[in-house]
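# Structure assessment
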Amino acid sequence: MKGLIDRYNRKITYLRISVTDRCNLRCIYCMPLGGIKPLRHEDILKFEEIEEIVRYSIDWGVDKVRITGGEPLVRKGVVYLVEMLAHLKGIEDLSMTTNGILLKGYAKDLKNAGLQRINISLDSLDANKFHRIAKAGRLSLVLDGIEEALKRGLEPVKINVVVMKGINDDEVLDFAKMSRDRPLHIRFIEYMPFGYKGFAKEDRFFPTSQIEERLRELGELIPAEVRGAGPAKSFKFKKSLGTIGFITPMSEHFCATCNRLRLTADGKLYPCLFSDYGVDIKTPLRTGAGYREIKELFEEALKNKPEKHSLKGNNQVMSKIGG
Ligand code: SAM
Ligand code: SF4
């Protein structure tokens, strides 16, 4: 059947699936300390429902799936979901984004279940600052999770760092150094001033150009290739085992090549991270919709995929839509 192509001729090949809205951290830019009102259990897509949606979407051209959240590793049985998706013929790239807190205990099973690669979010290498940002968990747990992911061959292991002015911008050199003698792929992400309103402040934005300027101290950065780099521009220092990537949603958006749709834990399909409107897939699925009807719902979401993202009026909560 015909693939998923939007009004601006962008072909959709990538589905990001949030499997829970819950999280074991409370990152200052993402969630309020008290958490957010959780979805009701019965409103969350079952693994079989996710599998059905993915199975259909493969037929429409999707070959890349990322499992995210909330924190995906707090969803009970998530390894089983990985196994279900890994078995679907046509999925070429299966990955996960996690905060790494529980990863040490999961990396082996995730790899055995068919997860190919992993992105671990980490915003500070200082234990106290880690706690000031994440409000829970411990830095050492994340570092252990990173080691275990490397050991178990989840490859490549990427470290996502959201850089915030006055909070962790002083750590960019320390993060960059991690890419020199370990096969770690450090990705500096520009903080987007949206989401949890208690923190979303324009003056936390720290542009990639300034990160690049700081990194010059460590030597010349040469262009590099990394699997599944997506919108990141990748570089490396000569002789480094890992790479450095820059993701610039604010200073240089990459909407022209956007190939993704997002499915939330409660079964809404969002055409863009910045969309306020998601198409409900869950209710039709639970009332008998099949292949053809679900395709129509995907097409409806596509009709609303904006040419470029706009921060105006964005009310998204990252932990819900899946960062
Ligand atoms: N809990 C998992 C984690 O933290 O990796 C997955 C979900 S989290 C919402 C996904 C990613 O979104 C994380 O790397 C997080 O740092 C990023 N993120 C959340 N809010 C953000 C913001 N306002 N600007 C930039 N990145 C953000
Ligand atoms: Fe949780 Fe990820 Fe949001 Fe942090 S960024 S609060 S780890 S969902």
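Up top you'll find the structure we're talking about.
To keep things clear, this report deals only with the structure shown in the data block. Small disclaimer: the values here were computed from a predicted structure and weren't measured. (Residues numbered from 1 in each chain as written. Chains lettered and ligands numbered in written order. Predicted model: local features only at pLDDT ≥ 70, side-chain atom pairs only at ≥ 80, totals over all residues. Heavy atoms only, no water.)

## Re helix α2 (residues 78–86)
- Inspection of α2 places Val 78, Val 79, Leu 81, Val 82, Met 84 and Leu 85 among the buried residues, and these make up the whole buried set.
- Of the surrounding elements, those touching the buried residues of α2 are α1 (47–59), β2 (64–68), β3 (93–98) and α3 (103–113). (Buried < 20%, exposed > 50% of the residue type's maximum accessible area, 1.4 Å probe, protein only. Helix = DSSP H or I, 4+ residues; strand = E, 2+ residues; numbered from the N terminus. Contact = heavy atoms within 4.5 Å.)

## Details of the packing of α2 against α3
- The interhelical angle for the contact between α2 and α3, taken along N-to-C directions, is 20°, at an axis separation of 8 Å. Comparing their axes, α3 and α2 come out roughly parallel. In the packing of α2 onto α3, the handedness of the crossing is right-handed. Listed contacts from α3 to Val 78, Val 79, Val 82, Glu 83 and Ala 86 of α2 are Tyr 106, Asp 109, Leu 110 and Ala 113.
- Grouping the amino acids of the contact of α2 with α3 by side-chain chemistry returns seven nonpolar, no polar and two charged. (Axes fitted to C-alpha atoms, helices over the stretch in contact; angles between N-to-C directions. Parallel < 35°, antiparallel > 145°, perpendicular 65-115°, else oblique. Left-handed = near helix turned anticlockwise from the far one by under 90°. Nonpolar A, V, L, I, M, F, W, Y, C, P; charged D, E, K, R; others polar.)

## Some points on the site of ligand 1
- Surveying the vicinity of ligand 1 reveals 16 residues, the closest of which are Tyr 29, Gly 70, Ser 121, Val 162 and Met 192.
- Glu 71 is positioned with one of its side-chain polar atoms (N or O) 3.2 Å from a nitrogen atom of ligand 1.
- Summarising the interface, the protein chains cover 94% of the accessible area of ligand 1, which totals 550 Å² for the free molecule.
- Grouping the amino acids of the shell around ligand 1 by side-chain chemistry returns six nonpolar, eight polar and two charged. (Near = heavy atom within 4 Å. Polar contact = N/O pair within 3.5 Å; in protein donor to acceptor, adjacent residues only side chain to side chain. Areas by Shrake-Rupley, 256 points an atom, 1.4 Å probe, with all protein chains shown as cover.)

## A word on the sheet that holds strand β4 (residues 117–121)
- Spatial strand order, β7-β8-β9-β6-β5-β4-β3-β2-β1-β10-β11-β12: twelve strands in an open sheet with mixed pairing. Each end of this open sheet is capped by a strand with a single partner; those strands are β7 (221–223) and β12 (279–280).
- Inspection of the sheet shows β2 paired to β3 by four bridges, in the parallel sense. Of the residues in β3, the one forming a bridge with Arg 66 is Ser 95. (Pairing = 2+ DSSP bridges.)

## Let's talk about the site of ligand 2
- The environment of ligand 2 is formed by Cys 23, Leu 25, Cys 27, Cys 30, Gly 70, Asn 99 and Ser 319.
- For the shell around ligand 2, the class distribution of residues is four nonpolar, three polar and no charged.

## Here's the deal with the layout of surface pockets
- Within this model, the second largest pocket holds a volume of roughly 230 Å³.
- Its residues assigned to classes, the lining of the second largest pocket shows four nonpolar, two polar and six charged. (1 Å grid on protein atoms, 1.4 Å probe; cavity = no way out; pocket = protein on both sides within 12 Å on 5 of 7 lines; lining within 4 Å. Points joined across faces, edges and corners; volume = space filled by probe spheres on them.)

## As for empty space enclosed by the protein
- Counted under the stated rule, the structure contains one cavity of 30 Å³ or more.
- When its volume is computed, the largest cavity comes out at roughly 40 Å³.
- In terms of lining residues, the largest cavity is bounded by Lys 158, His 185, Ile 186, Arg 187, Val 226, Ala 229, Ala 232, Ser 234, Thr 243, Ile 244 and Gly 245.
- Elements represented by at least two residues in the lining of the largest cavity include exactly β6 (184–190) and β9 (243–247).
- A class-by-class count of the residues in the lining of the largest cavity yields five nonpolar, four polar and two charged.

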